Amino acid sequence: FIYLFDFKTILGKNGVPVAENFRLEQSTIADTIQVGQVLVRTLYLSVDPYMRCRMNEDTGSDYLLPWQLSEVADGGGIGVVEESKHDNLAKGDFVTSFNWPWQTVAILDGRLLQKLVPELVNGRLSYFLGAAGITGLTALLGIKEKGHVAVGANQTMVVSGAAGACGSLAGQIGRLEGCSRVVGIAGTDEKCSILVQEMGFDAAINYKKDDVSERLRELCPGGVDIYFDNVGGDISDAVISQMNHNSHIILCGQISQYNKDVPYPPPLPPDIEKIQKERNITRERFLVLNYMDKQEASVLQLCQWIQEGKLKVRETIVEGLASIGAAFQSMMNGGNIGKQIVSISK
């Protein structure tokens, strides 16, 4: 089975993605594989906010290619090798790719696959799509490269989209790196409770119920030193208004803006831009792919924290390839806690 970006619906820059933007079809693959190829069975697929950009002919990013209408969609995936004609991969190996096709079985170029070591994540292979994968790298390297965390400096970090795949890790990593106070912003009481009781955040704000500005003043009396920004929009405006001089915004994502025709990163409102400039607040685009020279060491650090129980991991898992469109729609609407994963086969 394969999952296609629907030939009927190129979404456009102002539309809201829905499950009907995709369709499931049954197809066949070649009977034999060529030298250098492997036959893989898909185990897990990832759906992520950046995929919304791939639903436009112009993704707005030079590192992202648009999904083509009536072609198989792709993204982060994990599978097991069923047959190999690649020298470095054997039957039974677990492998991953950032461009894994959304299909139950596939023939892939072995050079484009990375072999996985399940023991690094206590056997939880799906973690390589999240906490020990590109998501965890984004959180860790974003904080290290753009957060300017200093141990003993009594810094306060605020994380928006804090119960999502990246935000839930970023808050914990901020603490591990040396922040003295971490406050999350999420969209339900359940998410806020998980952030505080399970993931070690000092406090959490339900932006759908609370006055975000008022709660920030209560919870961050010394102001905000580091802001891990996953959402943009009004929430970010409220946080920036309470940031200190010479503080730092880690510009990770702007999910509230992804369904709108605006440049990335979206411009700030004039009054917020004035605050940013007057207080010398850094706000630079962060792209984890620019730091892949630090990938290996960073993944090992993430895995060590996972093994030691210092990094708590949450996943929202749905079963079956037919569920992937609905999972994508739910994730874009905040329906997930932690990483949204689609389990394909066991």
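Residues numbered from 1 in each chain as written. Predicted model: local features only at pLDDT ≥ 70, side-chain atom pairs only at ≥ 80, totals over all residues. Heavy atoms only, no water.

J.: Teacher, can you tell me more about the side chain of Asn21 here?
T.: Structurally, Asn21 can be placed in the loop between strand E1 (2-5) and strand E2 (22-25). The class for Asn21 is buried, based on a relative accessible area of 4%. Among the polar contacts made by the side chain of Asn21, one reaches the main-chain amide nitrogen of Val18 at a distance of 2.7 Å. (Helix = DSSP H or I, 4+ residues; strand = E, 2+ residues; numbered from the N terminus. Buried < 20%, exposed > 50% of the residue type's maximum accessible area, 1.4 Å probe, protein only. Polar contact = N/O pair within 3.5 Å; in protein donor to acceptor, adjacent residues only side chain to side chain.)

J.: How do you make sense of the nonpolar core when you look at a structure like this?
T.: The nonpolar side chains of a soluble globular protein tend to be buried, and buried together. Formed by 49 residues in total, the largest nonpolar core has its most connected members in Ile173, Leu195 and Phe228. Built from parts of two domains, this core gets at least three residues from each of domain 1 (2-130 + 314-343) and domain 2 (134-289). Setting aside anything within four residues of it in sequence, one finds Ile173 in contact with Gly136, Ala139, Leu140, Ile143, Leu302, Trp305 and Leu311. In terms of nonpolar packing, the next biggest core, distinct from the first, is built from 28 residues, Val47, Met55, Trp100 and Met332 among them. (Core = buried A, V, L, I, M, F, W, Y, C linked by side-chain atoms within 4.5 Å. Domains from an automatic or database assignment. Contact = heavy atoms within 4.5 Å.)

J.: Help me understand helix H4 (residues 212-219), please; the structure alone is not making it clear to me.
T.: An α-helix turns once per 3.6 residues; consequently, residues spaced three or four apart project the same way. All of the buried residues in H4 are Val212, Leu216 and Leu219. Down the axis of H4, the buried side of the element spans an arc of 75 degrees, and every buried residue falls inside it. Residues of H4 that are buried make contact with strand E8 (156-160), strand E9 (181-186), strand E10 (203-206) and helix H5 (233-240). Where H4 begins, one side-chain oxygen reaches toward the backbone nitrogen of Ser213, 3.2 Å away; that side chain belongs to Asp211. (Arc of directions from axis to C-beta.)

J.: Looking at this structure, how should I read the environment of Glu145?
T.: On the secondary structure map, Glu145 appears in helix H1 (residues 134-147). Discounting residues that sit within four places of it in the chain, Glu145 has contacts with Phe286, Tyr291 and Lys294. A polar side-chain atom of Glu145 sits 2.6 Å from a polar atom in the side chain of Lys294.

J.: What's the story with the sheet that holds E8 in this structure? I'm lost.
T.: Remark on secondary structure: sheet strands pair via backbone hydrogen bonds, oriented parallel or antiparallel. Strand order in the open sheet formed by 6 strands is E10-E9-E8-E11-E12-E13, with parallel pairing between adjacent strands. Edge positions in the open sheet fall to E10 and strand E13 (282-285), since each of these has one partner strand only. Pairs of neighbouring strands in the sheet enclose a mean axial angle of 20 degrees, with direction left out of account. Direction of pairing for E8 relative to E9: parallel, over a ladder of 5 bridges. (Pairing = 2+ DSSP bridges. Axes fitted to C-alpha atoms, helices over the stretch in contact; angles between N-to-C directions.)

J.: So what exactly am I meant to see when it comes to the pattern of salt bridges here?
T.: Side-chain pairs of opposite charge can arise where the charged atoms are in close proximity. Per the stated rule, a full pass over the model turns up 17 salt bridges. We note a salt bridge from Arg23 to Glu25, for which the minimum N-O separation is 2.8 Å. Beyond isolated ion pairs, a larger network of salt bridges with shared partners links Asp210, Arg215 and Glu218. (Salt bridge = Lys/Arg side-chain N within 4 Å of Asp/Glu carboxyl O.)

J.: Any chance you could explain the state of the cysteines here in plain terms?
T.: Here, disulfide denotes a covalent bond that connects the sulfur atoms of two cysteines. Counted according to the given criterion, the structure contains 0 disulfides. Of the cysteine sulfurs around Cys220, a residue in no disulfide, the closest is that of Cys179, at 11 Å. Relative accessible area serves as the criterion here: at 4%, Cys220 is assigned to the buried category. Take Cys252: it sits in no disulfide, and the sulfur closest to it among the cysteines is that of Cys166, at 3.9 Å. (Disulfide = S-S within 2.5 Å.)

J.: Sorry, what's going on with the environment of Pro265 here?
T.: Summarising the element assignment, Pro265 is placed in the loop between strand E12 (243-251) and helix H6 (270-278). In this view, Pro265 contacts Leu251, Arg283 and Arg285; residues no more than four positions away in its chain are not counted.

J.: Sorry, what's going on with the packing of H1 against helix H2 (residues 167-177) here?
T.: Pairs of packed helices are described in terms of their axes, by the angle between the two and the distance that separates them. Between H1 and H2, the least distance of the axes is 9 Å, while the angle of their chain directions is 40 degrees. By the angle between their axes, H1 is oblique relative to H2. Considering how the two elements wind past one another, H1 and H2 form a crossing that is right-handed. Within the contact between the two elements, H1 uses Thr135, Gly136, Ala139, Leu140, Ile143 and Lys144 and H2 uses Leu169, Ala170, Ile173, Gly174 and Glu177. Considered class by class, the residues forming the contact of H1 with H2 number 6 nonpolar, 3 polar and 2 charged. (Parallel < 35°, antiparallel > 145°, perpendicular 65-115°, else oblique. Left-handed = near helix turned anticlockwise from the far one by under 90°. Nonpolar A, V, L, I, M, F, W, Y, C, P; charged D, E, K, R; others polar.)

J.: It is not clear to me how unusual backbone geometry should be interpreted in this structure. Could you clarify?
T.: Most peptide bonds take the trans configuration, and most residues that are not glycine carry a negative phi. At Ser70, a residue that is not glycine, the phi angle is positive and equals roughly 65 degrees. Within the element layout of this structure, Ser70 appears in the loop between strand E3 (37-46) and strand E4 (74-84). When its relative accessible area of 29% is taken as the criterion, Ser70 is described as partly exposed. Its identity is not glycine, yet Asn122 carries a phi of approximately 55 degrees, on the positive side. In this fold, Asn122 is placed in the loop between strand E7 (114-115) and H1.

J.: Please clarify how the pairing of strand E15 (residues 339-343) should be interpreted in this entry.
T.: Successive side chains on a regular strand alternate, one facing one side of the sheet and the next facing the other. Most of E15 sits out of view: 5 of its 5 residues are buried. Side chains Lys339, Ile341 and Ser343 of E15 all project onto a buried face; the interleaved residues Gln340 and Val342 project onto the opposite face, where all are buried too. The pairing of E3 with E15 spans 3 bridges and is classified as antiparallel. When the sheet's bridge partners are listed, Tyr44 is paired in E15 with Ser343. Bridging between strand E14 (residues 315-319) and E15 involves 5 bridges; their strand directions are parallel. Paired with Thr316 across the strands is Gln340, a residue of E15. Regarding topology, helix H8 (residues 324-332) serves as the crossover connection from E14 to the parallel E15, and that connection is right-handed. (Right-handed = clockwise from strand over helix to strand, strands pointing away.)

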